[in-house]
Amino acid sequence: MVHVGAPLSGPFSLGASSPRARRRASLLPKLTRRRSIMASLGDDPIREWILTEGKATQITRISPIGGGCINHASRYDTDSGSVFVKTNRHATSLKLRIGPSMFEAESLGLSAMYATQSIRVPMPYKVGPLPTGGSFIIMEFIEFGPSRGSQSVLGRKLAEMHQAGKSSKGFGFDIDNTIGSTPQINSWSSDWIEFFSEHRLGYQLKLALNQYGDSAIYEKGQRLMKNLQPLFEGVVIEPCLLHGDLWSGNISSDKNGDPVILDPACYYGHNEAEFGMSWCAGFGGAFYSSYFEVMPKQPGFEKRRELYMLYHYLNHYNLFGSGYRSSAMSIIDDYLRMLKV
């Protein structure tokens, strides 16, 4: 009979005083501690990535740095640097199911823009689901400067991205994404007018009809959609990589003053569509002058400017209510008069 705690006997026994036994005993606390750490990491995929693939050995501080009505943002400081983390713990929103696909689309967009090696964007590192529901994205942390930087440099860098980011598949993107919290359909099309009509204006008009019963804006918008061709006469349209949601809140600069753009809703489209949020982006003369030095202005640019704004006004109407309806309807009415339809 062997008593608990007594040394085993026999040719393979380890006496309590043997060097091998003492070495094994000294390792047990470390092994136990490592198993405990790995077990806890399994419950937190963000920490797990940072302390494994992220090559950090400790997280020194986690600081909340704001966020919107959908996402929560944090800075994770570690002994190997800082990373930026966005999480979403909501299971659903009014119009879409929130899950890893939302951040997956953001990651693909950031990666596509990063690959152009033009304007600075944060490099995405990891996307995944949270055990408690929702999802996360980990990306490069960029220390912002005191201002949005030079308008001239922003215009030039954005044009360089449009020039470098082209698609052989046509207009669209490899995945649907969101514009705010509204789904943005990116099914590929070889025809820009068809793509913009169906997947941009048409989708928003259907939302307005379904959400508000707004048959007036729906019917007028449908008339406009069917008569867009004259606005594009003499225009060469290439599928350029667009940020897709370029307003002042998504534009900043790094510590060197170089422009940084964030939170994309990427797709390949007509480069002019990038200015659809110009009514709240603050683009000035220096921005446009520098932009058009790289990407020359096409005939009829001024006539199309509000067409691209219309998409975003309709989206704001669907997201935030009737305060944006009059702006959208005014643009539609102006185009119907211009086109005489």
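- As recorded in an unreviewed UniProt entry, the protein goes by Protein-ribulosamine 3-kinase, chloroplastic and comes from Musa balbisiana.
- The heading Subcellular location (unreviewed entry) in the UniProt record of the protein holds the text "Plastid, Chloroplast".

### Describing the pairing of strand β2 (residues 72-78)
Moving residue by residue along a regular strand, the side chains alternate between the two faces of the sheet.
Logical step 1: Burial analysis of β2 places 5 of its 7 residues in the buried class, which makes it a mostly covered element.
Logical step 2: Alignment of strand β1 (residues 59-64) against β2, held across 5 bridges, turns out to be antiparallel. By the bridge assignment for β2, Arg-61 is matched with Asp-77.
Logical step 3: Direction of pairing for β2 relative to strand β3 (residues 81-88): antiparallel, over a ladder of 7 bridges. In the sheet register, Ser-74 faces β3, and the bridge partner there is Val-85.
Logical step 4: As consecutive antiparallel partners, β2 and β3 are separated by 2 residues.

### As for the packing of helix α5 (residues 192-212) against helix α8 (residues 301-320)
Logical step 1: Close contact between α5 and α8 brings their axes to 9 Å; oriented N to C, the two are set at 25°. Classed by the angle they form, the pair α5 and α8 counts as roughly parallel. Helix-helix and strand crossings are classified by hand; for α5 and α8 the assignment is left-handed. Contacts between α5 and α8 involve Trp-192, Phe-196, Arg-200, Leu-201, Gln-204, Leu-205, Leu-207, Ala-208, Gln-211 and Tyr-212 on the former and, on the latter, Leu-307, Tyr-308, Leu-310, Tyr-311, Leu-314, Asn-315, Tyr-317 and Asn-318.

Cut-offs used in this document
- Residues numbered from 1 in each chain as written.
- Predicted model: local features only at pLDDT ≥ 70, side-chain atom pairs only at ≥ 80, totals over all residues.
- Heavy atoms only, no water.
- UniProt positions renumbered as here; feature names shortened; annotations may be inferred.
- Buried < 20%, exposed > 50% of the residue type's maximum accessible area, 1.4 Å probe, protein only.
- Helix = DSSP H or I, 4+ residues; strand = E, 2+ residues; numbered from the N terminus.
- Pairing = 2+ DSSP bridges.
- Axes fitted to C-alpha atoms, helices over the stretch in contact; angles between N-to-C directions.
- Parallel < 35°, antiparallel > 145°, perpendicular 65-115°, else oblique.
- Left-handed = near helix turned anticlockwise from the far one by under 90°.
- Contact = heavy atoms within 4.5 Å.

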